[in-house]
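Each chain, letter by letter, is given below.
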Amino acid sequence: MTDSADYFPASQPWTERGGAVHLHGSKCGHCGTVAFPPHGLCPACGAQSGQAAAELSPVGTLYTFSEIHIAPKGFATPYAVGYVDLPEGVRLFGQIEARAADLEVGQQVAVTLGPVRSDAAGRPVISYKFRGLPA
Amino acid sequence: MTALATIAGVGMTKFGKQPDRAIEDIGREALLAAMKDAGVERAAIDEVFCGSSYGGPLIGQRTLRDLGMTGIAITNVENACSSGAAALREACWAVKAGRADVVAVIGVEKLTRLGGGTLPLEPTDVEVNLGNVMPAVYAMRARRYMHETGATARHLAMIAVKAHEYGARNPNAQFQNRITVEQVLGSRMVADPLTIYMCCPTGDGAAAVIVTSENRARSLGAKPVRIAASVLQSGLYKTGFRDMASSELTERTARLAYEAAGIGPQDLSLAEVHDAFASAELMYYEALGLCGKGEGAAMIERGDSGPGGRQPVNPSGGLACRGHPVGATGVAQIVEAVWQLRGEAGPRQVPGARVALTHCTGGGISGLDHGACAVHVLAS
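Residues numbered from 1 in each chain as written. Chains lettered and ligands numbered in written order. Predicted model: local features only at pLDDT ≥ 70, side-chain atom pairs only at ≥ 80, totals over all residues.

Q: An account of the overall build of chain A is requested, with residue identities and associated values reported.
A: Helix and strand counts for chain A come out as zero helices and ten strands. Reading chain A from its N terminus to its C terminus gives the helix and strand order β-β-β-β-β-β-β-β-β-β. Here chain A has a C-alpha radius of gyration of 16 Å; the compact-globule value for 135 residues is 14 Å, and the two agree. Each of the three principal axes of chain A carries a C-alpha extent, and together these read 45 × 45 × 30 Å. Burial status across chain A gives 33% buried among its 135 residues. Long-range contacts, defined here as pairs at least 24 residues apart, represent 46% of the contacts in chain A between residues at least 6 apart. (Helix = DSSP H or I, 4+ residues; strand = E, 2+ residues; numbered from the N terminus. Rg over C-alpha atoms; globule rule 2.2 N^0.38 Å. Buried ≥ 20, exposed ≤ 12 C-beta atoms within 10 Å, placed from the backbone. Contact = placed C-beta atoms within 7 Å.)

Q: Residues and numbers for the nonpolar core, please.
A: Residues and elements named next belong to chain B. The biggest cluster of nonpolar side chains holds 169 residues, and the ones touching the most others in it are Val105, Ala208, Val209 and Ile210. Looking at this core element by element, the count peaks at ten residues for helix 13 (residues 326-342). Here this core spans two domains, since at least three of its residues come from each of domain 1 (5-114 + 204-226) and domain 2 (126-200 + 229-379). What Val105 contacts, discounting residues up to four positions off in sequence, is Phe49, Ala87, Leu88, Ala91, Ala208, Val209, Val211 and Val331. (Core = buried A, V, L, I, M, F, W, Y, C linked by C-beta atoms within 7 Å. Domains from an automatic or database assignment.)

Q: Break down the pairing of strand 7 (residues 204-212) of chain B for me, with residues and values.
A: All names here are of chain B. A large share of strand 7 lies buried, amounting to nine of its nine residues. Covered by surrounding structure in strand 7 are Asp204, Ala206, Ala208, Ile210 and Thr212 together with Gly205, Ala207, Val209 and Val211, the residues of both alternating faces. Of the strand pairs in this sheet, strand 1 (residues 5-12) and strand 7 are connected by six bridges, and their pairing is antiparallel. Its bridge partner lying in strand 7, Thr6 is registered against Thr212. (Pairing = 2+ DSSP bridges.)

Q: Describe in detail the environment of His376(B), supporting the description with residues and values.
A: Residue and element names in this part refer to chain B. You can see His376 is positioned in strand 11 (residues 372-379). On the basis of neighbour counts, which here come to 29 C-beta atoms within 10 Å, the residue His376 falls in the buried class. Considered as a pair, His376 and Ala85 are 291 residues apart in the sequence and their alpha carbons are 8.2 Å apart. Setting aside residues up to four positions removed in sequence, His376 forms contacts with Ala85, Leu88, Ile227, Ala229, Ser230, Ile334 and Thr358.

Q: With reference to specific residues and values, describe the domain arrangement of chain B.
A: Residue and element names in this part refer to chain B. Taken domain by domain, chain B holds domain 1 (5-114 + 204-226) and domain 2 (126-200 + 229-379). The centre of domain 1, based on its C-alpha atoms, is set 23 Å off from the matching centre of domain 2. The interface of domain 1 with domain 2 comprises 36 residues on the first partner and 33 residues on the second. Elements supplying a minimum of two residues to the side of domain 1 that touches domain 2: strand 1, helix 3 (83-96), strand 4 (102-110), strand 7 and strand 8 (225-234). For the side of domain 1 that touches domain 2, the leading source of residues is helix 3, giving seven residues. Its residues assigned to classes, the side of domain 1 that touches domain 2 shows 19 nonpolar, eleven polar and six charged. (Nonpolar A, V, L, I, M, F, W, Y, C, P; charged D, E, K, R; others polar.)

Q: Requested: an account of the packing of helix 3 of chain B against helix 13 of chain B, with residues and values cited.
A: When two helices pack together, their arrangement is captured by the angle between the axes and the distance separating the axes. Residues and elements named next belong to chain B. At their nearest, the axes of helix 3 and helix 13 sit 5 Å apart, and the two run at 55° to each other. In terms of their interaxial angle, helix 3 and helix 13 are classed as oblique. Here Ser83, Gly84, Ala85 and Leu88 of helix 3 come into contact with helix 13, specifically with Val326, Gly327, Ala328, Thr329, Gly330, Val331 and Ile334. Of the residues contributing to the contact of helix 3 with helix 13, the split by class is six nonpolar, five polar and no charged. (Axes fitted to C-alpha atoms, helices over the stretch in contact; angles between N-to-C directions. Parallel < 35°, antiparallel > 145°, perpendicular 65-115°, else oblique.)

Q: Tell me about the sheet that holds strand 3 (residues 73-77) of chain B, and please be specific about residues and values.
A: All names here are of chain B. Spatially, 3-2-4-7-1-8-11-10-9 is the arrangement adopted by the nine strands of the open sheet, whose pairing is mixed. Bordering the open sheet on either side are strand 3 and strand 9 (270-272), each of which pairs with just one other strand. Geometrically, the sheet is characterised by an average inter-axis angle of 25° between neighbouring strands, direction not taken into account. Examined bridge by bridge, strand 1 and strand 8 share three bridges and lie antiparallel to one another. If you follow Ile7 over to strand 8, its bridge partner there is Val225. Sheet strands touched by helix 9 (residues 248-261): strand 8, strand 10 (355-362) and strand 11. Its angle to strand 8, the strand with the most contacts, is close to 145°.

Written out as C-alpha cells, the structure reads:
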C-alpha cells in the first residue's frame, strides 16, 4: 500500500499526545544543550557521544515572522513563517497557519502538523508547523 | 597603515541580465579590463583566484582557457555571497607570503541561467525544506529589528531610494533610475515587510582586480591602492537563541579588520556594504560602527549615508542597484572602492576619498547568522 503523503523529516520525529505535538530533539549528556533536529554530535561543547533523545515542549514564543509571497516550486503562496523559541532553549523555524497581519512578535504559538508543500508528484508533504494561541 | 598587498588595476562588466552571453565570456571581459588598467600582459600573471557561487566546476579554468592563461595555479573559491571577497583574501596572502608577485582575482556569476525567482538554496537544509527563502531570512531579521528599535517600513524605503539615487550615477549599475518612498512602499510584496524595491535583483556580471606587491605596483600603470586589511570569518552555529536584530558576524569581522588596519569607523571616507535587502543595510550601519546601536534609522533620516552626507554608503548603488551577481559582488565592491580612492568615480565621487571599507556577507544555511563574511580596508 502506498502512502498518500510524504513526511519531512521522513523519520517523523514527533509524538502526538492529548492534542499536543511534541517534537523529538536531542540533549547533550555533557553540557545539557538541547537541539532540534536531533544531533549525534554536540556543536556547543564538542562531545562526540552521549546525545540522548529529548521530547520538546508543544508551545513556544514567536521571536519573529514574515509572510512569503515569492517561493520555490511546490510552496503555495502566500504563507507565513517564523522562528519560535521553546522553553528548552531551542529555536525552530517553521510555517505558521496564519496571515502576517494577525501575528505579533512575542505571542504564544503551538506546534501542529500539516502540509508544508507538494512534492514532485504533487503529493502533500506533511511536517511540523505552528498555529497561533489566543492571548 | 601598512599594506598587506596592493591593487594595481581593476575592471568590471556592466551588471544586469545578459542571458545570451557565456559566463566565461563575462568573466574574461572583466579580467582583460583589469589587466589593461594595470598594464600587465598575460605572461606576468603568476596565479589566479576565481570566486563564484553558481558558476559550476572549474569556472576559473573555463574562463582562462580561451586566453591561453593556463598552466599557472588557478584556485576556485565558493563562499556564497562572499566568494569573490574570499578569493581576494587568498590573493592578498599569496602576495604577502612571497609566493606570487602578480595575482589576478575574478568574481563572476551568471544568475539568469537559474531561471529567475529567489536564489536556489541547499536542498538538504531543514529550513529550506520547510519553505525558507533568502528574502524571508532578511525579512524576519527586519521584523525583529523594527520591533526592538522602532524603525519602520518607511526607513527601509528610504534606504532603497538612497540606493537608486547613487545607482542613477553609475553607468555599470543594473538599475539607473530614481524612485520615491511611495513607489517603494507600494511595490509588490516579496517577504513581509520587504517589497520588491527593498530586495536586490538577480543578474549577471563579473569584476576583476590585479593584486601585486607594493614594489611591483609602483612599476605598473595605474595609481596603486593599498589593501590595509583582509579579514574573513564564518557565522557561529547555534541551535538555540541568537540576537537576530544585530549581526554578530559582521560586528566581529569588522572589528578584526579595523584592528588589522589600525583605524576605526570614524576614519572611513566611504563604505561598500552588503545591502542584499534594505533592512540589512540599516543593521550593518550599526554592526560596522558607522552609527550607534539602534541609530540606523536616524542615520538614514539625516541623509548621512547618501550623496553629500557625512558617511557615504554604497556610492556604487550597492547590491540593490549595481546588482548582485553573487560571486562577483565582493570584487565589484573593491573595484568601486579603488575608483573612489583614485578619484575616478565620476558623478558619484566621494570628494577627497582616502580610506574605504568593503563588506560582504551571505550564505543561508540553518543555524548560522551567515555562512561567510569578508571585510576589506583599502587606502590611497
